[in-house]
Amino acid sequence: MQGLIVRDLWFKYPGSRKFVLCGLDMKVTSGEVVLVLGRNGSGKSTLLKILAGVLEPSRGEVLIDQVRASKVAGKLTGMALQDPMHQFSFTTVLEEVVVPLRIRSGGKGRKYALRLLRRLGLEGLAGRPPYTLSSGEARLLTIAAAVAGRPRLVLLDEPFTGVDPYQALIIAEIIRETALSGSMVVVTSLLAAREAVERLLNPSQRHKLEDGRLVGP
Ligand SMILES: Nc1ncnc2c1ncn2[C@@H]1O[C@H](COP(=O)(O)OP(=O)(O)OP(=O)(O)O)[C@@H](O)[C@H]1O
Ligand SMILES: [Mg+2]
């Protein structure tokens, strides 16, 4: 089956005895926006890193179009980390978007990247070092990097945290467009922000992560 398939996913960090994720199942298809809600420490970021192929499941499997997630990390998957400063690794804002774009599409992409930055009001910052951005600007940049080139799977870890209402609308619009173009999008949010985020996203699936399990909407 095409799409994202999570089957009986278990995960614990090396050296830890406690499982963070305990037998999760999930299916996502093209065009879906999926919201994963949870409290602090419930495992939202851990789950996204596994879907991104950055962490390997302890048990179970994660398939993207029938291929193991870790095999297609970066190529089919774009991720915005919860802490933008952990994400940046290049010398300019523009490169943060151009480099993942090249990896995904193989093309040049400079013009496309500049257009995307303009949409987000970041074009004037294209030559700046990413670490000089304000926290809201940095959040927008991670989202641009995650969606650039329309990867098959877009993973956004708390994309609405720390952004003002106007920026939140732009982010929601970009998420919708990305899904409409055929990507699968998984977004996490604190349970406390549930109402606002659901209103912005109108997700096709909602999951609540609690005690390592998905306990429904
Ligand atoms: N590298 C690590 N080693 C050991 N335990 C970890 C590690 N990273 C995270 N954890 C633990 O795993 C659990 C889940 O963490 P995670 O960051 O996935 O939660 P979260 O739902 O994203 O939380 P938040 O809402 O605060 O972002 C927490 O108890 C955390 O302390
Ligand atoms: Mg987190």
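See the structure printed just above.
Predicted, not measured: the structure shown is a model, and the values here were computed from it.

Undergrad: Please provide a residue-by-residue account of the overall build of the chain, values included.
TA: Across its full length, the chain carries 7 helices and 10 strands. By the compact-globule yardstick of 17 Å for 217 residues, the chain fits well, its C-alpha radius of gyration being 16 Å. With respect to the principal axes defined by its C-alpha atoms, the chain has extents near 45 × 35 × 35 Å. Looking at the 217 residues of the chain, the share that counts as buried comes to 51%. Long-range pairs, those at least 24 residues apart, make up 69% of the contacts in the chain between residues at least 6 apart in sequence.

Undergrad: Pulling in residues and values, what's your account of the environment of Tyr-112?
TA: By the secondary structure assignment, Tyr-112 is in helix H4 (residues 110-119). Its relative accessible area of 27% is what places Tyr-112 among the partly exposed residues. A C-alpha to C-alpha distance of 9.1 Å links Tyr-112 and Leu-101, two positions 11 residues apart in sequence. Setting aside residues up to four positions removed in sequence, Tyr-112 forms contacts with Leu-101, Val-147, Ala-148, Gly-149 and Arg-150.

Undergrad: Lay out the coordination of the magnesium ion (ligand 2) with the relevant residues and their values.
TA: The magnesium ion (ligand 2) binds to the protein through Ser-45 (OG) and Gln-82 (OE1); the donor distances cover 2.0 to 2.1 Å. Placement of the pair is Ser-45 in helix H1 (residues 44-51) and Gln-82 in the loop between strand S6 (77-80) and helix H2 (84-87), with a sequence separation of 37 residues. Classification of Ser-45 as buried rests on a relative accessible area of 18%. On the basis of relative accessible area, Gln-82 is assigned to the partly exposed category, the value being 36%.

Undergrad: Any chance you could break down helix H3 (residues 93-105) for me, citing the residues and the numbers?
TA: End to end, H3 covers 19 Å across 13 residues, agreeing with the expected 18 Å (1.5 Å per residue, within 8%). All of the buried residues in H3 are Val-93, Leu-94, Glu-96, Val-97, Val-98, Pro-100, Leu-101 and Arg-104. Looking at the buried residues of H3, the elements they touch are S6, H2, H4 and helix H5 (135-147).

The rules behind the values
Residues numbered from 1 in each chain as written. Chains lettered and ligands numbered in written order. Predicted model: local features only at pLDDT ≥ 70, side-chain atom pairs only at ≥ 80, totals over all residues. Heavy atoms only, no water. Helix = DSSP H or I, 4+ residues; strand = E, 2+ residues; numbered from the N terminus. Rg over C-alpha atoms; globule rule 2.2 N^0.38 Å. Buried < 20%, exposed > 50% of the residue type's maximum accessible area, 1.4 Å probe, protein only. Contact = heavy atoms within 4.5 Å. Donors = N, O, S within 2.8 Å, 3.2 Å for Na, K, Ca; no water. Expected span 1.5 Å × (residues − 1).

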